[in-house]
Amino acid sequence: MKKGLYISLLCVLLSILLTGCVRQTIDPSPQELMGFREDVLAAYDEAARLYDWFDLAPVPLGESVSVVEGRCWVLDINITSTKELRSRLEEVFTSELAEEIFNKVPDQYRDFDGKLCAILGGRDTNIYLLDKTVQAERISEDRWAVTLTFWADFEDSHMVPVPGTDFSESYPIATAGYSTTTIYYERTPKGWRFTSFCPSDALDLEAETVYTFDYAQGLREDSSDWELICYLLHADGVFAEGAFYRLYQRFLERPGDVLSSLALLDTAPYEASRLNSLIAGPGYEAAYEDEAGRLAFEEAVRRCVPANEAERAVLIKIQGAYDSVLRQEQAWTDLRNLRFSFTVPNTAVFTLGPQEGAFPWGLALDAEPVLVFPAMDGFGPCYEAALDAVTLEYTVNPDDGTEVLYKMTTSDPRVSTDSGISVGDSLARVREQYPDIVPLDWYAESGLAYVWEPGGDAYCKHIAFFTQDDIVTGIEIENLMDGRLLE
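Here we summarise the structure given alongside this text. (Residues numbered from 1 in each chain as written. Predicted model: local features only at pLDDT ≥ 70, side-chain atom pairs only at ≥ 80, totals over all residues. Heavy atoms only, no water.)

Some points on the overall build of the protein
Heads up, the condition is: Each helix is a run of DSSP H or I of at least 4 residues and each strand a run of E of at least 2, with the numbering of both proceeding from the N terminus. Each residue is placed in one exposure class: buried if its accessible area under a 1.4 Å probe, protein chains only, is under 20% of its type's maximum, exposed if it is over 50%, and partly exposed if it falls in between. What makes two residues a contact is simply this: any of their non-hydrogen atoms within 4.5 Å. A 1.4 Å probe and the Shrake-Rupley method give the accessible areas. Residues count as covered only by the protein chains that appear here.
Across its full length, the protein carries twelve helices and 21 strands. The 487 residues of the protein split such that 42% are buried. In the protein, 57% of the contacts between residues at least 6 apart in sequence involve partners at least 24 apart. If you sum the accessible surface of the protein, you get close to 27,000 Å²; carbon and sulfur atoms cover 52% of it.

Structure representation (structure tokens):
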């Protein structure tokens, strides 16, 4: 009884020890696993090179062999016979697979006069294939799965008749997307060998993740997120505008789904600039939305929880694009506003637009504002503050109480515009800084006024230079709010 118990305990102990040994083999450290993965990827590269000699193009060839018509010497000095070539295959493939590969093209290679010869030529590679990416994952102690992702990228065009005319227009046709194939690298009695394989250009154009678009027909409304992304890879101009906005709207509705689809591009070999603009698309679109649209985007970002590093990188790019456009817009706004400003030495730079707080806006201004117009019909009251060097006019927004500076005038030579023009400067100097000024003889009480009103983003803002004998006698900077001096 004791002997039986001893044997049982010994078996249990051996079982635990053996299990521990196996676990150490199956679960190597991250550093070891990374090393193994690099070895597997290197083995794949060598195997793909050999496989292509039988599927795509023969071994690099030397001078033609006139005695053996249509054949050439093989350049690889390490392979001098069909036996050595077969042996090379069996170093990376199982014997059965090596035999199958060797016989893919009967009589592809022959021995002649002590040298290895090969048939000239080969097949053309898949024109729809852009490139492939390779990933290796250990699925058991003795087996690795090598996943090959083949990326499609092809563009052509065709002529489409214009209805009601004798003309035709050129429209692009493009293929994009990817297909995957998994092959296996396994431990055999002869060492690690590939037990399955595929061509280096095995893109499956029938895969559900590969699409061909005729841009004359547009994109279906019920297209998947990935289909929409593939469409945008080749969309440009008018073809891209609506599609990018659709991707943005889907991000607002289902940020996690769109993030997951965009993350598929993480290892894609498409042109970097094209990928970056596509991935960041929802952020760019959101930045040009109104306040409600921007708030909706920011809420979508808060709801979005990346599932992996690829998704986290995509979310960072989307948020970065959004922040970048907003910063740029603010910088341009500041620059545009600065053009409509007065610099008063030892006092302040006064700029049209909303001011911080209530007059005197945190500045040491010695003036009492005077009511010019009372509030009426949805407009707030207007005030005038006469300083020593400049007179300011501002209104109070009835909705939030913000004070908005809408007009400034000066006749003091110490005050200057952002371009350095002051009272006393010549008209010639004004023209140097504001070459597109327009004379208005009805806008000045005496002399002549020259008005700079750029329109565009500034729209209703202008600067008027009042002159006499071609010398500036006064300057006015004003935002008419609802109209322009120049039409």
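Some words on the side chain of Asp 425
In plain terms, the rule: Polar contacts, as used here, are pairs of N or O atoms within 3.5 Å; protein pairs need one atom able to donate a hydrogen and one able to accept it. Residues neighboring in sequence count only if both atoms are side-chain atoms.
One can find Asp 425 in the loop between β17 (416-417) and α12 (427-433). Residue Asp 425 is classed as buried on the basis of its relative accessible area of 17%. A distance of 2.8 Å separates a polar side-chain atom of Asp 425 from the backbone nitrogen of Ser 422. In contact with Asp 425, not counting residues within four places along its chain, are Gly 420, Asp 470, Ile 471 and Val 472.

Focus on the sheet that holds strand β11 (residues 348-351)
Filter applied, for reference: Pairs of strands are assigned from DSSP output, requiring at least two bridges between the strands.
One open sheet holds the three strands; their spatial order is β11-β10-β17, and the pairing between them is antiparallel. Among the strands making up the open sheet, the edge pair consists of β11 and β17. As judged from the four bridges shared by strand β10 (residues 341-344) and β11, these two strands associate in the antiparallel manner. Residue pairing in the sheet places Phe 342 in a bridge with Phe 350 of β11.

Focus on the pairing of strand β5 (residues 129-140)
Taken together, the ten bridges between β5 and strand β6 (residues 143-161) define a ladder with antiparallel strand orientation. Paired with Thr 133 across the strands is Thr 149, a residue of β6. From the end of β5 to the start of β6, which pair antiparallel, there are two residues.

Topic: the packing of aromatic side chains
Quick note on the threshold: Here a Phe, Tyr or Trp ring, Trp counted by its six-membered ring, pairs with any other such ring whose centre lies within 6.5 Å, and the pair is stacked when the planes are under 30 degrees apart, edge-to-face when over 60, and tilted otherwise.
Using the criterion set out here, one finds 32 aromatic pairs in the structure. Taking 5.4 Å as the distance between ring centres and 70° as the angle between the ring planes, the aromatic pair formed by Tyr 178 and Trp 226 counts as edge-to-face. In this pair, Tyr 178 sits in strand β7 (residues 168-188) while Trp 226 sits in helix α5 (residues 225-234), placing the two residues 48 residues apart along the sequence. The pair Tyr 178 / Trp 226 is uniform in exposure class, with both members buried. With a centroid separation of 5.5 Å and an interplanar angle of 25°, the aromatic rings of Tyr 383 and Tyr 394 are classed as stacked. Of this pair, Tyr 383 sits in strand β14 (residues 382-386) while Tyr 394 is found in strand β15 (residues 391-396), placing the two residues eleven residues apart along the sequence.

Side note on the pattern of salt bridges
How we decide: Any Lys or Arg side-chain nitrogen located within 4 Å of an Asp or Glu carboxyl oxygen qualifies as a salt bridge.
Within the structure shown, the criterion is met by 22 salt bridges. Members of the salt-bridge network, linked through shared partners, are Asp 55, Lys 104, Arg 123 and Asp 201.

With respect to the nonpolar core
Proteins that are soluble and globular tend to have nonpolar side chains buried together. Threshold: Residues belong to one nonpolar core when they are buried, are Ala, Val, Leu, Ile, Met, Phe, Trp, Tyr or Cys, and are joined through side-chain atoms within 4.5 Å.
Counting 44 residues, the largest nonpolar core has Trp 226, Leu 232, Phe 251, Leu 265, Tyr 270 and Leu 278 as its most contacted members. Tallying contributions element by element places α5 first for this core, with seven residues. The contact partners of Leu 232, leaving out residues within four places of it in the chain, are Ala 240, Ala 243, Phe 244, Leu 247 and Leu 278. Core analysis: the second largest hydrophobic core is formed by 39 residues, Tyr 51, Val 92, Leu 97 and Tyr 185 among them.

Here we look at the environment of Phe 373
Position of Phe 373 among the secondary structure elements: in strand β13 (residues 370-373). Between the C-alpha atoms of Phe 373 and Tyr 383, which are ten residues apart in sequence, the distance is 7.1 Å. Leaving out residues up to four positions away in the same chain, Phe 373 has contacts with Pro 381 and Cys 382.

Notes on the packing of helix α6 (residues 238-253) against helix α10 (residues 291-303)
Geometry of a packed helix pair, given as the angle between the helix axes and the separation of the axes. The condition is simple: Only C-alpha atoms enter the line fits that serve as axes; for helices the fit covers just the stretch in contact. Angles between N-to-C directions range over 0 to 180 degrees. Oblique is the label for every angle not falling under 35 degrees (roughly parallel), over 145 degrees (roughly antiparallel), or within 65 to 115 degrees (roughly perpendicular). Each residue receives one of three labels: charged for Asp, Glu, Lys and Arg, nonpolar for Ala, Val, Leu, Ile, Met, Phe, Trp, Tyr, Cys and Pro, and polar for the others, Gly being one of them.
Closest axis-to-axis distance for the α6/α10 pair is 8 Å, and the angle between their directions is 55°. Relative to α10, the element α6 lies oblique. Contacts between α6 and α10 involve Tyr 248, Phe 251, Leu 252 and Glu 253 from the first element and Gly 293, Ala 296, Phe 297, Ala 300, Val 301 and Arg 303 from the second. Residues belonging to the contact of α6 with α10 are distributed by class as follows: seven nonpolar, one polar and two charged.

Overview of the packing of α5 against helix α7 (residues 255-262)
Quick note on the threshold: Working rule for handedness: look at the near helix, and if it is turned counterclockwise from the far one by less than a right angle, call the crossing left-handed; if clockwise, right-handed.
Orientation of α5 relative to α7, taken along the N-to-C sense of each, is 50°, at an axis distance of 9 Å. Judged by the angle between their axes, α5 and α7 are oblique. Judged by the sense of rotation from one axis to the other, the crossing of α5 with α7 is right-handed. On α7, the residues that touch Asp 225, Trp 226 and Ile 229 of α5 are Asp 257, Val 258, Ser 261 and Leu 262. For the contact of α5 with α7, the residue count by class is four nonpolar, one polar and two charged.

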